[in-house]
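# Secondary and tertiary structure notes
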Amino acid sequence: MAGKERMLITGGNPLEGEVQVSGGKNTAVAVIPASLLCDEPCTIENLPDIEDVHALVDILKELGAKVEYEPGHLLRVDPRTAQGDTVSYRNAQRLRASYYLLGTLLGRCGRANVPTPGGCDIGSRPVDQHLKGMRAIGADAEERRGILRASSENLTGGDVFFDMVTVGATVNVMLAAVKAKGTTTIYNAAKEPHIVDLANFLNSMGARVKGAGTDIIRIRGVQSLHGTTYAVIPDQIETGTLMIAAAATCGDVTIHGCIPTHMDALTAKLLEMGVRVNDYDDAIRVRGAGPKRAINIKTQVYPGFPTDLQQPMSALLTTVKGTSIVQETIFEQRFRHLDEIRRMGAQIRVMERTAIIEGVTELYGAPLTATDLRAGAALIIAGLMARGVTEIYEPGYIDRGYEHIEDKLRSLGAEISRDLAE
Ligand code: EPZ
């Protein structure tokens, strides 16, 4: 692996202290494209300094918008100079959320050509519901030769009933419908915090989106959107990952700047394990010392246990005495991190979408490879618990969704660094 970047962790230190969570990745990647729908300049604050944000900033620039970006702080967008309707393959492939430009460009100029997106390889991740949603508001929409295309001379509000709850398609229809003529109703809508945050951002520009956070979202089209300054919500999944890291290392960590109610499903499971969790107004304290009980996890759409925390949580469960059962109901291939953690001595059997984990007393450091963003987070959790040194190759996956994660963990006492393997 000469010259390959790797993260190095010497495990065994309990994490202790206070840490500030960053702005949310999955809200930022919906709000940034939405700024192109505005008819005036707007400012977005509390954006995390992560690869997915950098990619979207580049996409706004390639579409001709005037962009001022201060990493980790704010993004000023003047969409009035944007004239493009096509996203480049190179940029589209950098992240999953590039496909939000389908709804945005359709809503903004009636035409969109977006190469099928990149993003984590956690299953087939089709886009049929996105196309169904575009057609429901009067657009021609298709996926042809690796390009998502949508066009309409006259976007008109309509009803769409999603076959399954889908965050991406819910976001894409909200973006396309906000300036369509008439009312669009989304049934079986996703209810994640980032859906509500997008609705709040759009409404702060004068949109009329009602019902975000419930199964039915109603969007009354408006002619124009005025400028705004908006701060995105904190990252629910980074908060959860830090909570799990505190529990896994038997530490005592207070996470500041989070929204505790967004974490209820994880908090409930940690409490069930015997971990102490205290909610404050905008902080959560997690104390992981003491014996832990094996538990069962079944991922669900919000407000159920989030699929994005299944991977870090299943890493923690590998050292919890007893048998834990993890069912992944959202994606069909989200256990690849467990193959890696087996190399550290974990006892795990995977059958389709169920992992049966027999807790072992100790994991041993080993060379590992991250296969996707949250798999990378899971390997960090395992490395923090393990005896000895763990190497994590392909840490670039982790940089897509976690802002300066080594700095945050080091400030809590972790021995973690990054170098190029000789
Ligand atoms: C979003 O992915 C998140 N990504 C994912 O987070 C997250 O795991 C997922 O929602 C679920 O919460 C972003 O927000 C950028 P879905 P998305 O559409 O929108 C099926 C992370 O780690 N489906 O809710 O792609 C799909 O295959 C990432 O931050 C269709 O069949 O998820 C899946 O089984 C990973 N057809 C299920 O629905 C469609 O047209 C849920 O997918 C769309 C989805």
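Provided above is the structure to which this section pertains.
These remarks concern the structure in this document.

Criteria and thresholds
- Residues numbered from 1 in each chain as written.
- Predicted model: local features only at pLDDT ≥ 70, side-chain atom pairs only at ≥ 80, totals over all residues.
- Heavy atoms only, no water.
- Near = heavy atom within 4 Å.
- Polar contact = N/O pair within 3.5 Å; in protein donor to acceptor, adjacent residues only side chain to side chain.
- Areas by Shrake-Rupley, 256 points an atom, 1.4 Å probe, with all protein chains shown as cover.
- 1 Å grid on protein atoms, 1.4 Å probe; cavity = no way out; pocket = protein on both sides within 12 Å on 5 of 7 lines; lining within 4 Å.
- Sits in = over half its atoms within 2 Å of the grid points.
- Helix = DSSP H or I, 4+ residues; strand = E, 2+ residues; numbered from the N terminus.
- Nonpolar A, V, L, I, M, F, W, Y, C, P; charged D, E, K, R; others polar.
- Salt bridge = Lys/Arg side-chain N within 4 Å of Asp/Glu carboxyl O.
- Buried < 20%, exposed > 50% of the residue type's maximum accessible area, 1.4 Å probe, protein only.
- Axes fitted to C-alpha atoms, helices over the stretch in contact; angles between N-to-C directions.
- Parallel < 35°, antiparallel > 145°, perpendicular 65-115°, else oblique.
- Contact = heavy atoms within 4.5 Å.
- Points joined across faces, edges and corners; volume = space filled by probe spheres on them.
- Phe/Tyr/Trp six-rings, centres within 6.5 Å; stacked < 30°, edge-to-face > 60°.
- Disulfide = S-S within 2.5 Å.
- Pairing = 2+ DSSP bridges.

## A look at the site of the ligand
As a structural note, the neighbourhood of the ligand is formed by 25 residues, with Gln129, Thr166, Val167, Asp308 and Ile330 the closest of them. A distance of 3.2 Å separates an oxygen atom of the ligand from a polar atom in the side chain of asparagine 26. Contact distances for the ligand include 2.8 Å between an oxygen atom and a backbone N or O atom of glycine 168. When isolated, the ligand has an accessible area of 840 Å², and the protein chains bury 92% of it. Here the ligand occupies the largest pocket. Of all the secondary-structure elements, those providing two or more residues to the shell around the ligand are α1 (25-34), α5 (128-136), α6 (167-177) and α12 (373-385). Of the residues belonging to the shell around the ligand, the class tally is twelve nonpolar, six polar and seven charged.

## Here's the deal with the pattern of salt bridges
Working definition: two side chains of opposite charge can pair if their charged atoms are close together. Summed over the entire model, instances satisfying the criterion amount to 28 salt bridges. With its nearest N and O atoms 3.4 Å apart, the salt bridge here joins aspartate 215 to lysine 191. Taken together, the residues span a long stretch of sequence, with aspartate 215 in the loop between β11 (208-210) and β12 (216-220) and lysine 191 in the loop between β10 (183-187) and α7 (193-204) at a distance of 24 residues. The partly exposed category is assigned to aspartate 215, whose relative accessible area is 40%. For arginine 418, the salt bridge is made with aspartate 399, and the minimal N-O distance between the two is 2.8 Å. Of the two residues, arginine 418 is situated in strand β23 (residues 415-420) and aspartate 399 in helix α13 (residues 396-399); the sequence distance between them amounts to 19 residues. Classification of arginine 418 as partly exposed rests on a relative accessible area of 25%. Aspartate 399 sits in the partly exposed class, given a relative accessible area of 23%. Ionic contacts of the salt-bridge type, sharing partners, join the residues Glu5, Asp399, Glu406 and Arg418 into one network.

## Regarding the packing of α6 against α7
The N-to-C vectors of α6 and α7 enclose an angle of 10°; their axes lie 10 Å apart at closest approach. Taken together, the axes of α6 and α7 lie roughly parallel to each other. Contacts between α6 and α7 involve Val167, Thr170, Val171, Met174 and Leu175 on the former and, on the latter, His194, Ile195, Leu198 and Ala199. Considering only residue class, the contact of α6 with α7 consists of seven nonpolar, two polar and no charged.

## Re empty space enclosed by the protein
Applying the stated criterion to the full structure yields three cavities of 30 Å³ or more. What the largest cavity holds in volume is close to 80 Å³. Around the largest cavity, the lining residues are Gly24, Lys25, Asn26, Thr27, Pro193, His194, Ile233, Pro234, Asp235, Gln236, Ile237 and Arg374. Those elements that place two or more of their residues in the lining of the largest cavity are α1, α7 and α8 (236-248). The leading source of residues in the lining of the largest cavity is α1, at three residues. Of the residues in the lining of the largest cavity, the class split is four nonpolar, five polar and three charged. Each pocket or cavity is described by its volume, and for the second largest cavity that value is around 60 Å³. Taken together, Thr241, Leu242, Ala245, Ala377, Ile380, Ile381, Ile398, Tyr402, Ile405 and Leu409 form the lining of the second largest cavity. Within the residue set of the lining of the second largest cavity, elements represented by two or more residues are α8, α12 and α14 (405-411). Looking at side-chain class alone, the lining of the second largest cavity contains nine nonpolar, one polar and no charged residues.

## Things to note about the packing of α8 against helix α10 (residues 310-317)
As a packed pair, α8 and α10 sit with axes 10 Å apart at the nearest point and diverge in direction by 5°. With respect to α10, the axis of α8 lies roughly parallel. Contacts between α8 and α10 involve Thr241, Ile244, Ala247 and Ala248 on the former and, on the latter, Pro312, Met313 and Leu316. In terms of residue class, the contact of α8 with α10 is built from six nonpolar, one polar and no charged.

## As for the packing of aromatic side chains
Going through the model one piece at a time under the given rule, you end up with three aromatic pairs. Each ring, one from phenylalanine 201 and one from tyrosine 230, has its centre 5.5 Å from the other, and the planes form 70°; the classification is edge-to-face. Note that phenylalanine 201 is positioned in helix α7 and tyrosine 230 in strand β13 (residues 229-231), a separation of 29 residues in sequence. The class of phenylalanine 201 is buried, set by a relative accessible area of 0%. When its relative accessible area of 12% is taken as the criterion, tyrosine 230 is described as buried.

## Focus: the state of the cysteines
Counting across every chain of the model gives zero disulfides. Here cysteine 38 is not cross-linked by a disulfide; its sulfur's nearest cysteine counterpart is in cysteine 42, at 4.7 Å.

## Digging into the layout of surface pockets
One number sums up the size of the largest pocket: a volume of about 990 Å³. For the lining of the largest pocket, the class distribution of residues is 19 nonpolar, twelve polar and 13 charged.

## Remarks on the sheet that holds strand β7 (residues 140-144)
One open sheet holds the three strands; their spatial order is β6-β8-β7, and the pairing between them is antiparallel. Edge positions in the sheet fall to β6 (111-115) and β7, since each has one partner strand and no second. The average undirected angle you get between the axes of adjacent strands in this sheet is 10°. Looking at chain direction, β7 and strand β8 (residues 147-151) are connected through five bridges and run antiparallel. From the neighbouring strand, glutamate 142 faces β8, where its bridge partner is arginine 149. The sheet strands contacting helix α4 (residues 100-109) are β6 and β8, and the helix crosses β6 at an angle near 160°.

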